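# Commentary on secondary and tertiary structure
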Amino acid sequence: MTAVDTPGRSPSPGAVGPEDLDTTRRARLVSGGGTFRTSAEPVLGLRPIVTSDGPIGVRGERWDETDTALALPSPTAMAASWDEELVRELGALLAAEARRKGVDVLLAPTLNLHRSPFAGRNFECFAEDPLLTGRIGAAYVRGVQGGGVAATAKHYVGNESETERLTLDAVIDERTLREVYLAPFEAAVRAGVWAVMSAYNGVNGRSMSESPLLAEPLKGEWGFDGLVVSDWGAVRSTEAAGAAAVDLAMPGPNEHWGERLAEAVRAGRVPESALDDKVRRLLRLARRVGALDGTLGGTLDDMRDGAPVRTRSVREPAADRALLRRAAAAGAVLLTNRGGTLPLDPKRLRRIAVLGPGAAAARIQGGGSASVYPSAVVSPLDGIRAALPEDVELTHAAGVRTSVRPTPVTAADCRNPVTGGTGVHVRFLDAAGAVLHTEDRPSGRSFEVDEAVDLTALHSVELRTVLRAPAAGRWRLGVVGLGAVRLRVDGRTALDDYVPPESDDPTYLHVAPSFRQAEVELAAGQEVELAARRTVEPGHGRVVALTADAPAGIPEEELAAAVALAREADAVVVVVGTSEQHESEGFDRTALGLPGAQNALVGAVAAANPATVVVVNSGGPVLMPWRGEAAAVLLGWFPGQEGGDALADVLFGRAEPGGRLPATWPATGDGPAVAGTRPRDGVLAYREGLHLGHRGWLRAGAEPAYWFGHGLGYGRWEYLAVEVPQRVAPGTGFTVRAVLRNTGVRSSREVVQVYLARPGSSVDRPVRWLAGFAAVRAEPEQRVEARIEVAPRALAHWSVEERRWLAERGGFTVLVGPSCGEVPLSATVEVVAARGPGPAVAG
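What comes next concerns the included structure. Every chain's residues receive numbers from 1 upward, in the order its sequence appears when written. Only residues with pLDDT of at least 70 are given local features in this predicted model, and only at 80 or more are side-chain atom pairs given and counted; all residues enter the totals for whole chains, interfaces and linings. Excluding hydrogens and water, the side-chain figures rest on all heavy atoms present in the structure.

Here we take up helix α6 (residues 183–190). Counting buried residues in α6 gives 6 out of 8 residues, a clear majority hidden from the surface. For the exposure calls, accessible area comes from a 1.4 Å probe over protein chains only, and a residue counts as buried if that area is under 20% of its type's maximum, exposed if over 50%, partly exposed in between. Only DSSP runs of H or I reaching four residues or more are called helices, and only runs of E reaching two or more are called strands; each is numbered from the N terminus. Turning to α6, its buried residues number three or more, namely Ala-183, Pro-184, Phe-185, Glu-186, Ala-188 and Val-189. Should any heavy atoms of two residues lie within 4.5 Å, those residues are considered in contact. Against α4 (130–145), β3 (150–156), α5 (174–181) and α7 (215–219) lie the buried residues of α6. Just downstream of α6 lies Gly-192, where phi reads positive at about 90°.

So, about helix α16 (residues 598–608). What α16 keeps buried is the set Gln-598, Leu-601, Val-602, Gly-603, Val-605 and Ala-606. Contacts made by the buried residues of α16 are with β10 (351–355), α12 (357–360), α15 (555–568), β23 (571–577) and β24 (612–617).

What follows concerns the sheet that holds strand β36 (residues 825–831). Here, strands pair whenever DSSP counts at least two bridges between them. Overall, mixed pairing links the 5 strands, which are arranged β28-β36-β35-β30-β31 in an open sheet. Two strands bound the open sheet, and with one partner strand each, they are β28 (727–728) and β31 (769–778). Pairing analysis gives 9 bridges linking strand β30 (residues 748–757) to β31, with the strands arranged antiparallel. Bridge pairing in β31 links Arg-749 to Arg-777.

What follows concerns the environment of Val-289. Among the structural elements, Val-289 can be located in helix α10 (residues 272–289). In the structure, Val-289 is positioned 360 residues away from Asp-649 in sequence and 38 Å away in space, judged by C-alpha atoms.

We now examine the pairing of strand β5 (residues 195–198). Alternating residues of β5 divide into Ala-195 and Met-197 and Val-196 and Ser-198, and every residue in both groups is buried. Bridging between β3 and β5 involves 3 bridges; their strand directions are parallel. Residue pairing in the sheet places Tyr-156 in a bridge with Ser-198 of β5. The pairing of β5 with strand β8 (residues 227–230) spans 4 bridges and is parallel. Bridging from a neighbouring strand, Met-197 pairs with Val-229 of β8.

Written out as structure tokens, the structure reads:
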């Protein structure tokens, strides 16, 4: 091909293409331009494409608490709603947030599955089931891209573990890949997703940035015409990745691409056609999001052709918060409700005790790159207090402590020694101590600096503040960061240590590195000047935090105080759970128990007051040995910034807990269907095959604590009848009609779930598998009909021998109910042969 180098040229959007750039420029274009943006190319009228992490909010290009973002409920909470329209609305809200922040590409949704309850990043994934994940993920994509912002289906594929995630090899058989782990990505492609992110890990011996799975089935069979972007730092080769179907290496400039890739193309070691395809896909994405001169950005209806028109909506902050509040309630799952304890009637309460470590310090999100800084958070304590009449007394005690990491100093307790206002003064210094840059921060956190600031000579970062101790005792003061760390208190050295890195995981290095602490005795009201410093070495990141934790009380006394409040109350709400310190990107969980002494707290409180409601805030399953002792157990997930008001709505009956479990919750941490997350010799074998989650529990004949799909709501539902067609042709779906009645005393919504089974199948199959779902709503004693569409794929299996989808001829059992563990209605549908003696082909 002929390369043209014409600076200043700005062709029309329809005319741009790889032929307008020489090899060096083309290679530079696909090698990233910065941490969260691509390179500009004036020849093509191309500005940088800006990306941002998701999926619960649009953080932007920096971890910066002064640049706030709306914090949505976690993806597990979204999926727990089983409500595609609600998730589409949330996606549209994220698109508006992205446009507000100048972001073109949202790095979400995460379509990996809940293969194991131990997976540390389950909170960022939707479900354990491929159909539910695919449908919720597709709704998320439609919502985001309906606002002209690209969604990114990630992490393609096999990234169900954080342990050794950068290098592990996931060994997954072909049929399991097709039917389970690839299926949600296929659904996203069918929904028109504009970008896909390749994972760090390998699958079946090939790194995903070099994997043939990027070409087939993604770009070939499925017809994906968008961009494949690497996970950050996942492109680690020139020729293998350059020849593969990954299109953009991020962050940039990537050391393995750029001029190295250009040289490989010129030498014939990487096909020029491969580079051309990468550039074409990048430009197509640019056109869709409005990053090319003369384009405004695409919408969901403009995937390929025609003049794109960016949709903009004027949003009201109050309406956005109301949506987040409604979404948190819709995803809340009522696991048990003995004697109709919930909803509580505020008119019958004189005193309510709100207890637990998560009551005042809200657990709203998991940790890692998905975290955001909301402008305000409604805690459970605040939400409940606001919902109660003035004559109801509210008492509170944490009872136990669970934090494992130090707490950055906050504006409430510190003064900037330079400005005199609240907060912390930060200096970035070279090796001689000269100041390169300064910032004034509202708290003791300092992450990355704007890339426009020249810090090439950076040697160390210093944080200074004046702390006013609100309580007397031995304070734990500390520094978060790697390298040589020092803490001085009123000029005296309290810490002087070297902190080596414990991992090369990006989340560890750039979000939550190691820390050191020292104890210092302070009087109440005493002011001390704190100065923390860390050196910055290559590969260590720049994160530093100055921390201060108040003196801890005596654990036995704190627990006893909470129990005393419970004993005196008419009702008790205990808020327990995990947090970003316990569930995070970068590591898997080693146990499923609640951190600290939270189980002891719940047991003691429930023994003291039978009207105890336990609220669990977590991103994935936790063990609940006390679940038979509590009057009600409500799962709130990581509910986002409006979680406290949503919780109050549910507790007092203003909203129904609309959620159904998107994953099976085990009763113990070593059940027969609980898969591990730790590779052996670098290999993580998916030995369970098709039988993950509830499928594994059913195959083992074991009973979990709570089944996939379970959730009570505030209605009572009777399943009366089911109707299905007697026969279906190959490659066609069918409709299930189920009749139900709400026998309760409140209006209620029910998620009607359809499962299929194939007794006597000639191929390995789950005992039953989710084939469809639909929601209905009814008033008390009202009968309603649910219509559930079953797609042709639900009847099919992937034939490794024939490399196509096939459906066995004969009968399939149709099971209908409120969860996979309770299916009171059944019928049979027969797949009839179209012609010939062999199995029928399904689409």
